[in-house]
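Chain by chain, the residues:
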Amino acid sequence: MRGTSSLPFRHARLSPFSVGARCGRCAPPRLGSETPHATRSRPTGFPATARSAGLDIAATILQRRPRFDARYLMGKGKLSELVVQALQKGVDMLVFDAELSPSQVRSITNFSELKVIDRTQLILDLFAQRARSREGKLQVEMAQVKYLLPRLVGKGDALSRLMGGIGGRGPGESKLETDRRRLRERLHRLQQDLSRIRDERRERRQPRRRQNLPILSIIGYTNAGKSTLFNALTHAAVLAEDRLFATLDPTSRRLRFPREREVIITDTVGFIKNLPKNLLEAFKATLEELEDADLLIHVVDLSNPRFLEQMAAVDDILKSLDLQDKPVLMVFNKKDLVDPSLTALHCRLHHGVAISAVDEATLPPLIHRLEAEVEHVLDRRQTGRPEIEPDFQDAAGE
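These numbers come from a predicted model, not from an experiment. (Residues numbered from 1 in each chain as written. Predicted model: local features only at pLDDT ≥ 70, side-chain atom pairs only at ≥ 80, totals over all residues. Heavy atoms only, no water.)

Q: For this particular structure, what's the right way to read the overall build of the protein chain?
A: A tally of helices and strands in the protein chain yields 13 helices and 11 strands. A buried classification covers 56% of the 398 residues belonging to the protein chain. In the protein chain, the proportion of contacts linking residues at least 24 apart, taken out of those at least 6 apart, comes to 70%. Total accessible area computed for the protein chain in this model is approximately 18,100 Å², and 48% of it derives from carbon and sulfur atoms. (Helix = DSSP H or I, 4+ residues; strand = E, 2+ residues; numbered from the N terminus. Buried < 20%, exposed > 50% of the residue type's maximum accessible area, 1.4 Å probe, protein only. Contact = heavy atoms within 4.5 Å. Areas by Shrake-Rupley, 256 points an atom, 1.4 Å probe, with all protein chains shown as cover.)

Q: Just checking my understanding: could you explain the pairing of strand β6 (residues 215-220) for this structure?
A: Sheet faces and side chains relate simply in a regular strand, where the side chains alternate between the two faces. By the criterion of burial, β6 is predominantly enclosed, with 6 of the 6 residues buried. Burial of β6 is two-sided: the residues Ile215, Ser217 and Ile219 facing one way and the residues Leu216, Ile218 and Gly220 facing the other way are all buried. Of the strand pairs in this sheet, β6 and strand β8 (residues 262-267) are connected by 4 bridges, and their pairing is parallel. Note that in β8 the partner of Ile218 across the bridge is Asp267. Of the strand pairs in this sheet, β6 and strand β9 (residues 295-301) are connected by 5 bridges, and their pairing is parallel. Of the residues in β9, the one forming a bridge with Ser217 is Leu296. (Pairing = 2+ DSSP bridges.)

Q: What's the story with helix α5 (residues 134-148) in this structure? I'm lost.
A: In an α-helix, one turn spans 3.6 residues, which is why side chains three or four residues apart end up on the same side. For α5, with 15 residues, the first-to-last C-alpha span of 21 Å sits near the 21 Å given by 1.5 Å per residue. With 12 of its 15 residues buried, α5 lies for the most part within the structure. Looking only at α5, the buried set comprises Glu135, Gly136, Leu138, Gln139, Val140, Glu141, Met142, Ala143, Gln144, Val145, Tyr147 and Leu148. (Expected span 1.5 Å × (residues − 1).)

Q: How should the pattern of salt bridges be read in this particular structure?
A: When charged atoms on two side chains of opposite charge get close, those side chains can pair. Summed over all chains, the structure comprises 10 salt bridges. For Asp97, the salt bridge identified is with Arg119, shortest N-O distance 3.1 Å. Of this pair, Asp97 sits in the loop between β4 (93-96) and α3 (102-112) while Arg119 sits in helix α4 (residues 119-130), and the two are 22 residues apart along the sequence. Like Asp97, the residue Arg119 is buried in the burial classification. Two residues, Glu185 and Arg181, come together in a salt bridge whose shortest N-O distance is 3.0 Å. Taken as a pair, Glu185 and Arg181 lie in helix α7 (residues 180-211) at a separation of 4 residues, close to a single helical turn. (Salt bridge = Lys/Arg side-chain N within 4 Å of Asp/Glu carboxyl O.)

Q: I'm lost on the environment of Asp118 in this one. Help?
A: Structurally, the position occupied by Asp118 is in strand β5 (residues 115-118). Looking at Asp118, the relative accessible area reads 0%, which means it is buried. Taking the C-alpha atoms as reference points, Asp118 and Leu94, 24 residues apart in sequence, are found 8.3 Å from one another. When neighbours within four sequence positions are excluded, Asp118 is seen to be in contact with Phe96, Ala98, Glu99, Leu100, Tyr147 and Arg151. A polar contact of 2.9 Å, which involves the side chain of Asp118, links it to the backbone nitrogen of Gln121. (Polar contact = N/O pair within 3.5 Å; in protein donor to acceptor, adjacent residues only side chain to side chain.)

Q: I keep staring at the packing of α4 against α5 and nothing clicks. Help me out?
A: For any two helices packed against each other, the geometry is given by the interaxial angle and the distance between the axes. For the pair α4 and α5, interaxial distance at closest approach is 10 Å and the crossing angle is 155°. Considered as vectors, α4 and α5 are oriented roughly antiparallel to each other. Both α4 and α5 take part in a crossing whose hand is left-handed. Contact with α4, carried on its side by Thr120, Gln121, Leu124, Asp125, Phe127 and Ala128, involves Val140, Ala143, Gln144 and Tyr147 of α5 and no other residues of that element. Taken together, the residues of the contact of α4 with α5 sort by class into 6 nonpolar, 3 polar and 1 charged. (Axes fitted to C-alpha atoms, helices over the stretch in contact; angles between N-to-C directions. Parallel < 35°, antiparallel > 145°, perpendicular 65-115°, else oblique. Left-handed = near helix turned anticlockwise from the far one by under 90°. Nonpolar A, V, L, I, M, F, W, Y, C, P; charged D, E, K, R; others polar.)

Q: Can you walk me through the pairing of β4 in this structure?
A: What you see with β4 is no split at all: Met93 and Val95 on one side and Leu94 and Phe96 on the other are buried throughout. Inspection of the sheet shows β4 paired to β5 by 4 bridges, in the parallel sense. Of the residues in β5, the one forming a bridge with Val95 is Ile117. In this region the chain leaves β4, passes through α3 and returns to the parallel neighbour β5; the handedness of that crossover is right-handed. (Right-handed = clockwise from strand over helix to strand, strands pointing away.)

Here you go:
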(Lines give C-alpha, C1' and ligand atoms only; values in the text may rest on other atoms or scores of the structure.)
Protein backbone atom coordinates (compact mmCIF):
# COMPACT_ATOMS: atom_id res chain seq x y z
CA MET A 1 0.00 0.00 0.00
CA ARG A 2 1.39 3.37 -0.95
CA GLY A 3 1.99 6.03 1.63
CA THR A 4 -0.57 8.77 2.01
CA SER A 5 -0.03 11.77 -0.27
CA SER A 6 -1.15 15.34 -0.38
CA LEU A 7 -1.25 18.10 -2.93
CA PRO A 8 -0.94 21.76 -1.80
CA PHE A 9 -2.44 25.00 -3.06
CA ARG A 10 -2.60 28.47 -1.65
CA HIS A 11 -4.71 31.61 -1.71
CA ALA A 12 -2.02 34.29 -1.51
CA ARG A 13 -4.30 37.06 -0.38
CA LEU A 14 -6.58 34.98 1.80
CA SER A 15 -3.86 32.57 2.91
CA PRO A 16 -5.12 29.11 2.07
CA PHE A 17 -2.42 26.79 0.83
CA SER A 18 -2.61 23.15 -0.15
CA VAL A 19 0.39 20.85 -0.10
CA GLY A 20 0.89 17.89 -2.40
CA ALA A 21 2.85 15.18 -0.70
CA ARG A 22 3.34 11.53 -0.04
CA CYS A 23 3.29 10.61 3.61
CA GLY A 24 6.46 8.76 4.43
CA ARG A 25 9.74 9.16 6.31
CA CYS A 26 12.00 7.49 3.75
CA ALA A 27 11.82 9.99 0.89
CA PRO A 28 12.66 13.66 1.43
CA PRO A 29 9.80 16.08 0.77
CA ARG A 30 9.95 17.99 -2.48
CA LEU A 31 8.01 21.07 -3.45
CA GLY A 32 6.55 21.85 -6.85
CA SER A 33 8.03 24.57 -8.99
CA GLU A 34 5.22 26.95 -8.08
CA THR A 35 6.26 27.06 -4.42
CA PRO A 36 7.79 30.49 -3.63
CA HIS A 37 10.71 29.03 -1.65
CA ALA A 38 11.15 25.78 -3.53
CA THR A 39 14.79 26.54 -4.23
CA ARG A 40 15.66 26.81 -0.55
CA SER A 41 17.29 23.86 1.15
CA ARG A 42 14.79 23.99 4.01
CA PRO A 43 11.06 24.41 3.40
CA THR A 44 9.43 27.18 5.42
CA GLY A 45 5.90 28.06 6.42
CA PHE A 46 3.15 25.58 5.68
CA PRO A 47 5.37 23.19 3.62
CA ALA A 48 7.62 22.85 6.68
CA THR A 49 4.58 22.00 8.82
CA ALA A 50 3.51 19.34 6.32
CA ARG A 51 7.00 17.89 6.18
CA SER A 52 7.20 17.74 9.98
CA ALA A 53 3.96 15.74 10.01
CA GLY A 54 5.62 13.13 7.82
CA LEU A 55 4.28 14.18 4.42
CA ASP A 56 6.36 13.82 1.29
CA ILE A 57 5.25 16.88 -0.67
CA ALA A 58 4.59 16.18 -4.33
CA ALA A 59 3.48 19.63 -5.55
CA THR A 60 1.97 22.95 -4.53
CA ILE A 61 -0.70 25.03 -6.24
CA LEU A 62 -1.24 28.72 -5.66
CA GLN A 63 -4.44 30.60 -6.52
CA ARG A 64 -5.26 34.28 -6.06
CA ARG A 65 -8.93 35.04 -5.53
CA PRO A 66 -10.79 38.10 -4.21
CA ARG A 67 -12.82 35.79 -1.92
CA PHE A 68 -13.19 32.15 -0.96
CA ASP A 69 -15.61 29.92 -2.84
CA ALA A 70 -18.31 28.89 -0.35
CA ARG A 71 -18.44 25.33 -1.70
CA TYR A 72 -14.91 24.46 -2.80
CA LEU A 73 -12.82 27.24 -1.17
CA MET A 74 -10.94 27.60 -4.48
CA GLY A 75 -12.48 27.95 -7.91
CA LYS A 76 -13.95 24.80 -9.48
CA GLY A 77 -11.67 25.14 -12.50
CA LYS A 78 -8.55 25.35 -10.32
CA LEU A 79 -9.81 22.43 -8.25
CA SER A 80 -10.17 20.38 -11.45
CA GLU A 81 -6.59 21.28 -12.36
CA LEU A 82 -5.49 20.24 -8.88
CA VAL A 83 -7.21 16.84 -9.17
CA VAL A 84 -5.59 16.16 -12.55
CA GLN A 85 -2.17 17.01 -11.15
CA ALA A 86 -2.84 14.80 -8.12
CA LEU A 87 -3.70 11.83 -10.34
CA GLN A 88 -0.60 12.40 -12.48
CA LYS A 89 1.64 12.43 -9.41
CA GLY A 90 -0.01 9.50 -7.65
CA VAL A 91 -1.20 11.67 -4.80
CA ASP A 92 -4.07 10.59 -2.55
CA MET A 93 -4.33 13.47 -0.06
CA LEU A 94 -5.04 17.19 -0.40
CA VAL A 95 -3.86 19.49 2.39
CA PHE A 96 -5.22 23.05 2.51
CA ASP A 97 -3.56 25.93 4.31
CA ALA A 98 -6.94 27.18 5.49
CA GLU A 99 -9.65 26.04 7.87
CA LEU A 100 -12.27 24.16 5.87
CA SER A 101 -15.89 23.96 6.95
CA PRO A 102 -17.44 20.47 7.19
CA SER A 103 -19.45 21.14 4.03
CA GLN A 104 -16.32 22.22 2.14
CA VAL A 105 -14.54 19.03 3.20
CA ARG A 106 -17.45 16.96 1.90
CA SER A 107 -17.70 18.91 -1.36
CA ILE A 108 -13.98 18.74 -2.14
CA THR A 109 -13.81 15.07 -1.13
CA ASN A 110 -16.78 14.11 -3.29
CA PHE A 111 -15.37 16.09 -6.24
CA SER A 112 -11.81 14.78 -5.99
CA GLU A 113 -12.36 11.35 -4.36
CA LEU A 114 -9.22 12.06 -2.34
CA LYS A 115 -8.62 12.40 1.37
CA VAL A 116 -8.89 16.09 2.35
CA ILE A 117 -7.53 17.72 5.50
CA ASP A 118 -7.08 21.36 6.43
CA ARG A 119 -4.45 23.34 8.27
CA THR A 120 -6.05 22.82 11.67
CA GLN A 121 -6.23 19.05 11.27
CA LEU A 122 -2.62 18.88 10.11
CA ILE A 123 -1.40 20.86 13.12
CA LEU A 124 -3.53 18.79 15.49
CA ASP A 125 -1.98 15.64 14.06
CA LEU A 126 1.49 17.10 14.46
CA PHE A 127 0.78 17.92 18.10
CA ALA A 128 -0.58 14.39 18.62
CA GLN A 129 2.68 12.95 17.30
CA ARG A 130 4.75 15.15 19.62
CA ALA A 131 2.73 14.80 22.84
CA ARG A 132 4.60 12.70 25.41
CA SER A 133 3.28 13.64 28.86
CA ARG A 134 -0.21 12.82 30.10
CA GLU A 135 -1.00 16.53 30.22
CA GLY A 136 0.15 17.10 26.65
CA LYS A 137 -1.89 14.17 25.36
CA LEU A 138 -5.01 15.36 27.21
CA GLN A 139 -4.62 18.87 25.79
CA VAL A 140 -4.23 17.63 22.23
CA GLU A 141 -7.13 15.21 22.59
CA MET A 142 -9.43 17.95 23.88
CA ALA A 143 -8.55 20.14 20.89
CA GLN A 144 -9.24 17.25 18.50
CA VAL A 145 -12.59 16.45 20.11
CA LYS A 146 -13.63 20.10 19.77
CA TYR A 147 -12.54 20.03 16.14
CA LEU A 148 -14.45 16.81 15.44
CA LEU A 149 -17.78 17.65 17.10
CA PRO A 150 -19.18 19.97 14.41
CA ARG A 151 -17.94 17.55 11.74
CA LEU A 152 -20.19 14.70 12.84
CA VAL A 153 -23.18 16.09 10.92
CA GLY A 154 -22.76 13.60 8.10
CA LYS A 155 -21.15 10.19 8.15
CA GLY A 156 -20.24 9.70 4.53
CA ASP A 157 -17.07 9.24 2.54
CA ALA A 158 -15.84 12.73 3.45
CA LEU A 159 -15.66 11.84 7.12
CA SER A 160 -14.36 8.34 6.49
CA ARG A 161 -11.38 9.86 4.71
CA LEU A 162 -10.61 11.92 7.84
CA MET A 163 -9.79 8.75 9.75
CA GLY A 164 -6.40 7.19 10.20
CA GLY A 165 -2.93 8.31 9.13
CA ILE A 166 -2.07 11.99 8.90
CA GLY A 167 -4.82 14.00 10.54
CA GLY A 168 -6.44 10.96 12.14
CA ARG A 169 -4.50 10.50 15.39
CA GLY A 170 -5.82 11.46 18.76
CA PRO A 171 -9.16 10.78 20.38
CA GLY A 172 -9.61 7.41 18.73
CA GLU A 173 -9.54 5.74 15.35
CA SER A 174 -13.27 4.88 15.26
CA LYS A 175 -14.69 8.38 14.97
CA LEU A 176 -17.46 7.18 12.66
CA GLU A 177 -18.92 5.10 15.51
CA THR A 178 -18.58 7.90 18.05
CA ASP A 179 -21.76 9.93 18.34
CA ARG A 180 -22.16 13.47 19.61
CA ARG A 181 -23.33 12.46 23.08
CA ARG A 182 -20.30 10.30 23.78
CA LEU A 183 -17.95 12.93 22.38
CA ARG A 184 -19.49 15.58 24.62
CA GLU A 185 -19.10 13.27 27.60
CA ARG A 186 -15.47 12.71 26.70
CA LEU A 187 -14.96 16.44 26.27
CA HIS A 188 -16.46 17.05 29.72
CA ARG A 189 -14.09 14.52 31.30
CA LEU A 190 -11.10 16.05 29.51
CA GLN A 191 -12.04 19.51 30.74
CA GLN A 192 -12.29 18.19 34.29
CA ASP A 193 -8.89 16.48 34.05
CA LEU A 194 -7.25 19.59 32.61
CA SER A 195 -8.88 21.74 35.28
CA ARG A 196 -7.26 19.54 37.93
CA ILE A 197 -3.91 19.82 36.14
CA ARG A 198 -4.30 23.59 36.07
CA ASP A 199 -4.93 23.62 39.83
CA GLU A 200 -1.87 21.41 40.37
CA ARG A 201 0.24 23.81 38.33
CA ARG A 202 -0.95 26.72 40.44
CA GLU A 203 -0.01 24.80 43.58
CA ARG A 204 3.45 24.07 42.21
CA ARG A 205 3.93 27.74 41.40
CA GLN A 206 3.18 28.85 44.96
CA PRO A 207 6.71 28.12 46.28
CA ARG A 208 8.12 30.26 43.47
CA ARG A 209 5.97 33.19 44.55
CA ARG A 210 6.98 32.74 48.19
CA GLN A 211 10.65 32.71 47.24
CA ASN A 212 10.03 35.83 45.16
CA LEU A 213 12.53 34.74 42.52
CA PRO A 214 12.32 36.49 39.14
CA ILE A 215 10.81 34.24 36.46
CA LEU A 216 12.10 34.30 32.88
CA SER A 217 10.11 32.50 30.17
CA ILE A 218 11.58 31.57 26.81
CA ILE A 219 9.06 32.03 24.01
CA GLY A 220 9.21 32.12 20.23
CA TYR A 221 8.12 30.55 17.00
CA THR A 222 8.41 26.79 16.83
CA ASN A 223 11.87 25.49 15.87
CA ALA A 224 13.55 28.83 16.61
CA GLY A 225 16.02 27.23 19.05
CA LYS A 226 14.26 27.84 22.38
CA SER A 227 15.04 24.45 23.91
CA THR A 228 18.62 24.58 22.65
CA LEU A 229 19.08 27.92 24.39
CA PHE A 230 17.37 26.60 27.53
CA ASN A 231 19.77 23.66 27.62
CA ALA A 232 22.78 25.90 27.01
CA LEU A 233 21.86 28.22 29.89
CA THR A 234 20.80 25.59 32.42
CA HIS A 235 22.74 22.49 31.28
CA ALA A 236 19.43 20.64 31.20
CA ALA A 237 18.60 17.81 28.82
CA VAL A 238 15.34 19.01 27.31
CA LEU A 239 14.63 17.47 23.89
CA ALA A 240 15.93 19.87 21.24
CA GLU A 241 15.55 18.81 17.61
CA ASP A 242 15.42 20.49 14.21
CA ARG A 243 11.68 19.95 13.79
CA LEU A 244 8.45 21.76 14.60
CA PHE A 245 6.97 21.38 18.09
CA ALA A 246 9.71 19.12 19.44
CA THR A 247 8.75 20.46 22.90
CA LEU A 248 5.13 20.60 24.08
CA ASP A 249 5.56 20.47 27.86
CA PRO A 250 6.98 23.44 29.81
CA THR A 251 10.16 22.82 31.79
CA SER A 252 11.58 25.04 34.55
CA ARG A 253 15.05 25.21 36.06
CA ARG A 254 16.90 27.49 38.44
CA LEU A 255 19.61 29.62 36.90
CA ARG A 256 22.34 31.39 38.85
CA PHE A 257 23.99 34.38 37.22
CA PRO A 258 27.69 35.22 37.73
CA ARG A 259 26.67 37.94 40.21
CA GLU A 260 25.05 35.23 42.37
CA ARG A 261 21.53 36.33 41.41
CA GLU A 262 19.12 33.38 41.13
CA VAL A 263 16.17 33.23 38.75
CA ILE A 264 13.75 30.61 37.44
CA ILE A 265 13.83 30.10 33.69
CA THR A 266 11.10 28.25 31.79
CA ASP A 267 11.03 26.64 28.34
CA THR A 268 7.57 26.74 26.74
CA VAL A 269 5.71 25.30 23.75
CA GLY A 270 6.52 26.95 20.43
CA PHE A 271 4.09 29.24 18.66
CA ILE A 272 2.94 29.07 15.05
CA LYS A 273 1.14 31.47 12.74
CA ASN A 274 -2.65 31.20 12.93
CA LEU A 275 -2.48 28.74 15.82
CA PRO A 276 -5.85 26.91 15.85
CA LYS A 277 -8.19 28.37 18.46
CA ASN A 278 -8.96 24.95 19.91
CA LEU A 279 -5.27 24.32 20.49
CA LEU A 280 -4.82 27.72 22.10
CA GLU A 281 -7.68 26.96 24.49
CA ALA A 282 -6.50 23.41 25.18
CA PHE A 283 -2.97 24.58 26.03
CA LYS A 284 -4.22 27.35 28.29
CA ALA A 285 -2.96 25.51 31.36
CA THR A 286 0.50 25.32 29.82
CA LEU A 287 0.49 28.92 28.60
CA GLU A 288 -0.56 30.14 32.05
CA GLU A 289 3.11 29.71 32.96
CA LEU A 290 3.71 32.90 30.99
CA GLU A 291 1.37 34.92 33.21
CA ASP A 292 3.82 34.68 36.12
CA ALA A 293 6.83 35.63 34.00
CA ASP A 294 8.67 38.82 34.87
CA LEU A 295 10.49 38.78 31.52
CA LEU A 296 9.76 37.06 28.21
CA ILE A 297 12.80 35.99 26.21
CA HIS A 298 11.63 36.01 22.58
CA VAL A 299 13.94 33.75 20.55
CA VAL A 300 13.96 34.43 16.79
CA ASP A 301 15.51 32.22 14.12
CA LEU A 302 17.31 34.89 12.16
CA SER A 303 18.26 32.40 9.44
CA ASN A 304 14.63 31.73 8.53
CA PRO A 305 13.63 33.79 5.47
CA ARG A 306 10.26 34.50 7.12
CA PHE A 307 11.54 35.49 10.54
CA LEU A 308 9.72 38.84 10.42
CA GLU A 309 6.39 37.06 9.84
CA GLN A 310 7.23 34.72 12.70
CA MET A 311 7.99 37.61 15.02
CA ALA A 312 4.62 39.16 14.15
CA ALA A 313 2.86 35.82 14.73
CA VAL A 314 4.34 35.55 18.22
CA ASP A 315 3.27 39.13 18.99
CA ASP A 316 -0.27 38.32 17.85
CA ILE A 317 -0.46 35.28 20.13
CA LEU A 318 0.84 37.30 23.08
CA LYS A 319 -1.94 39.81 22.44
CA SER A 320 -4.54 37.05 22.32
CA LEU A 321 -3.27 35.91 25.73
CA ASP A 322 -3.31 39.49 27.11
CA LEU A 323 0.46 39.33 27.60
CA GLN A 324 1.40 42.16 25.23
CA ASP A 325 2.44 44.40 28.14
CA LYS A 326 5.01 41.96 29.52
CA PRO A 327 8.62 43.14 29.13
CA VAL A 328 10.30 41.27 26.26
CA LEU A 329 13.96 40.74 25.41
CA MET A 330 14.55 39.92 21.75
CA VAL A 331 17.19 37.21 21.21
CA PHE A 332 18.23 36.63 17.60
CA ASN A 333 19.46 33.06 17.26
CA LYS A 334 21.61 31.37 14.57
CA LYS A 335 23.64 34.49 13.91
CA ASP A 336 26.38 32.25 12.52
CA LEU A 337 24.13 31.48 9.53
CA VAL A 338 23.39 35.05 8.41
CA ASP A 339 25.20 38.18 7.32
CA PRO A 340 26.62 40.07 10.35
CA SER A 341 25.18 43.32 9.01
CA LEU A 342 21.65 41.85 9.15
CA THR A 343 22.28 40.70 12.71
CA ALA A 344 23.55 44.12 13.80
CA LEU A 345 20.61 45.88 12.12
CA HIS A 346 17.92 43.90 13.92
CA CYS A 347 19.71 43.99 17.25
CA ARG A 348 19.77 47.77 16.92
CA LEU A 349 16.15 48.04 15.76
CA HIS A 350 14.76 45.77 18.48
CA HIS A 351 17.28 46.44 21.28
CA GLY A 352 18.11 42.76 21.08
CA VAL A 353 20.99 40.34 21.53
CA ALA A 354 22.41 38.02 18.88
CA ILE A 355 23.62 34.53 19.71
CA SER A 356 24.18 31.07 18.33
CA ALA A 357 22.60 28.79 20.90
CA VAL A 358 24.84 25.89 19.87
CA ASP A 359 27.96 27.96 20.61
CA GLU A 360 28.34 28.83 24.29
CA ALA A 361 31.04 31.38 23.41
CA THR A 362 28.28 33.65 22.04
CA LEU A 363 26.21 33.58 25.25
CA PRO A 364 28.08 36.03 27.60
CA PRO A 365 26.45 39.16 26.04
CA LEU A 366 23.03 37.55 26.55
CA ILE A 367 23.81 36.58 30.17
CA HIS A 368 25.02 40.11 30.87
CA ARG A 369 21.85 41.54 29.35
CA LEU A 370 19.63 39.14 31.30
CA GLU A 371 21.33 40.14 34.54
CA ALA A 372 20.66 43.80 33.77
CA GLU A 373 17.03 43.08 32.88
CA VAL A 374 16.53 41.10 36.11
CA GLU A 375 17.94 43.97 38.17
CA HIS A 376 15.53 46.26 36.36
CA VAL A 377 12.63 43.89 37.22
CA LEU A 378 13.59 43.80 40.89
CA ASP A 379 13.97 47.55 41.02
CA ARG A 380 10.51 47.93 39.51
CA ARG A 381 9.09 45.52 42.10
CA GLN A 382 10.53 47.54 44.95
CA THR A 383 9.53 50.95 43.70
CA GLY A 384 6.28 50.00 41.99
CA ARG A 385 7.24 52.12 38.98
CA PRO A 386 5.68 51.38 35.56
CA GLU A 387 7.70 49.59 32.92
CA ILE A 388 10.25 51.83 31.20
CA GLU A 389 12.35 50.57 28.34
CA PRO A 390 15.96 50.49 29.58
CA ASP A 391 18.56 52.18 27.43
CA PHE A 392 20.77 49.38 26.14
CA GLN A 393 23.14 49.35 23.23
CA ASP A 394 22.59 46.56 20.76
CA ALA A 395 24.55 43.40 21.45
CA ALA A 396 25.19 41.77 18.12
CA GLY A 397 27.90 39.65 19.65
CA GLU A 398 30.67 41.31 17.74
